[in-house]
Amino acid sequence: QAQLVESGGGLVQAGGSLRLSCAASGLTFGFYAMGWFRRAPGKEREFVAGINRGGTSTYYADSVKGRFTISRDNAKNTMGLQMNSVKPEDTAVYYCAADRYGSASQRNRNSWGYWGQGTQVTVSS
């Protein structure tokens, strides 16, 4: 059974950095497109970043482009999200997502097959 577990969330000051990790088990990691989504209070879950199966292509929401970097290590079955220059509007629960057949660029959350439980990121001003 596929399982995704996020870690690394916490409280950070605006302008600071934070690194999130997602550990995958129960699936052949290299066969899956991976992504990060987030849900801010009172808002819908939204796409943040995606990375293709080989780790050679990445995709970002305009709101995080140039500040966040997604990465993956297929040998360790892990994915990361380096968050730099964070802003209060980055405050949200961040979710790891995986999909066997779709593209890593898909923005529609309903297109992703597997989800983690989420990790809270709070950015103070």
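Residues numbered from 1 in each chain as written. Predicted model: local features only at pLDDT ≥ 70, side-chain atom pairs only at ≥ 80, totals over all residues. Heavy atoms only, no water.

S.K.: Help me out: how do you make sense of the overall build of the protein in this one?
M.R.: When helices and strands are tallied, the protein shows zero helices and eleven strands. In sequence order, the secondary structure elements of the protein are arranged as β-β-β-β-β-β-β-β-β-β-β. In terms of C-alpha radius of gyration, the protein reaches 13 Å, essentially the compact-globule figure of 14 Å for 125 residues. Dimensions of the protein along its principal axes, counting C-alpha atoms only, are 40 × 25 × 25 Å. Counting only contacts in the protein whose residues sit at least 6 apart along the sequence, the fraction spanning at least 24 positions is 60%. Accessible surface computed for the protein: about 6300 Å², of which carbon and sulfur atoms make up 45%. (Helix = DSSP H or I, 4+ residues; strand = E, 2+ residues; numbered from the N terminus. Rg over C-alpha atoms; globule rule 2.2 N^0.38 Å. Contact = heavy atoms within 4.5 Å. Areas by Shrake-Rupley, 256 points an atom, 1.4 Å probe, with all protein chains shown as cover.)

S.K.: Explanation requested: the packing of aromatic side chains in the structure shown.
M.R.: Within a pair of aromatic rings, the relevant descriptors are the distance that separates the centres and the angle that separates the planes. Applying the stated criterion to the full structure yields five aromatic pairs. With centroids separated by 5.6 Å and ring planes inclined at 85°, the aromatic side chains of F37 and F47 adopt a geometry described as edge-to-face. Separated by ten residues along the polypeptide, F37 in strand 4 (residues 33-39) and F47 in strand 5 (residues 46-51) bring together distant segments of the chain. For the pair shown, F37 and F47 are each scored as buried. For the ring pair Y95 and W115, a centre distance of 6.5 Å and an interplane angle of 85° mean the geometry is edge-to-face. Of the two residues, Y95 sits in strand 9 (residues 92-99) while W115 sits in strand 10 (residues 114-115), which places them 20 residues apart along the sequence. On the basis of relative accessibility, which here comes to 24%, the residue W115 falls in the partly exposed class. (Phe/Tyr/Trp six-rings, centres within 6.5 Å; stacked < 30°, edge-to-face > 60°. Buried < 20%, exposed > 50% of the residue type's maximum accessible area, 1.4 Å probe, protein only.)

S.K.: I keep staring at the environment of V48 and nothing clicks. Help me out?
M.R.: By the secondary structure assignment, V48 is in strand 5. Overall, the relative accessible area of 1% leaves V48 in the buried class. Distance in space between the C-alpha atoms of V48 and R107 is 8.5 Å, their sequence separation being 59 residues.

S.K.: What is the right way to look at the environment of F31 in this model?
M.R.: As for its placement among the helices and strands, F31 is situated in the loop between strand 3 (18-25) and strand 4. Using a relative accessible area of 44% as the deciding quantity, one classes F31 as partly exposed. Distance in space between the C-alpha atoms of F31 and I51 is 12 Å, their sequence separation being 20 residues. The residues touching F31, leaving out its near neighbours within four places in the chain, are R53, D99 and R100.

S.K.: What is the right way to look at the sheet that holds strand 7 (residues 68-73) in this model?
M.R.: One key point about sheets: their strands pair by backbone hydrogen bonds, in either a parallel or an antiparallel sense. Spatially, 1-3-8-7 is the arrangement adopted by the four strands of the open sheet, whose pairing is antiparallel. The sheet is open, and its two borders are formed by strand 1 (3-7) and strand 7, each paired with just one other strand. When strand polarity is set aside, the average angle formed by the axes of neighbouring strands in this sheet is 15°. (Pairing = 2+ DSSP bridges. Axes fitted to C-alpha atoms, helices over the stretch in contact; angles between N-to-C directions.)

S.K.: How should the environment of S111 be read in this particular structure?
M.R.: Take S111: it is sitting in the loop between strand 9 and strand 10. Its relative accessible area of 30% is what places S111 among the partly exposed residues. A sequence separation of twelve residues divides S111 from D99, and the C-alpha atoms of the two residues are 7.8 Å apart. Leave out the neighbours within four places in its chain, and S111 touches D99 and Q106.

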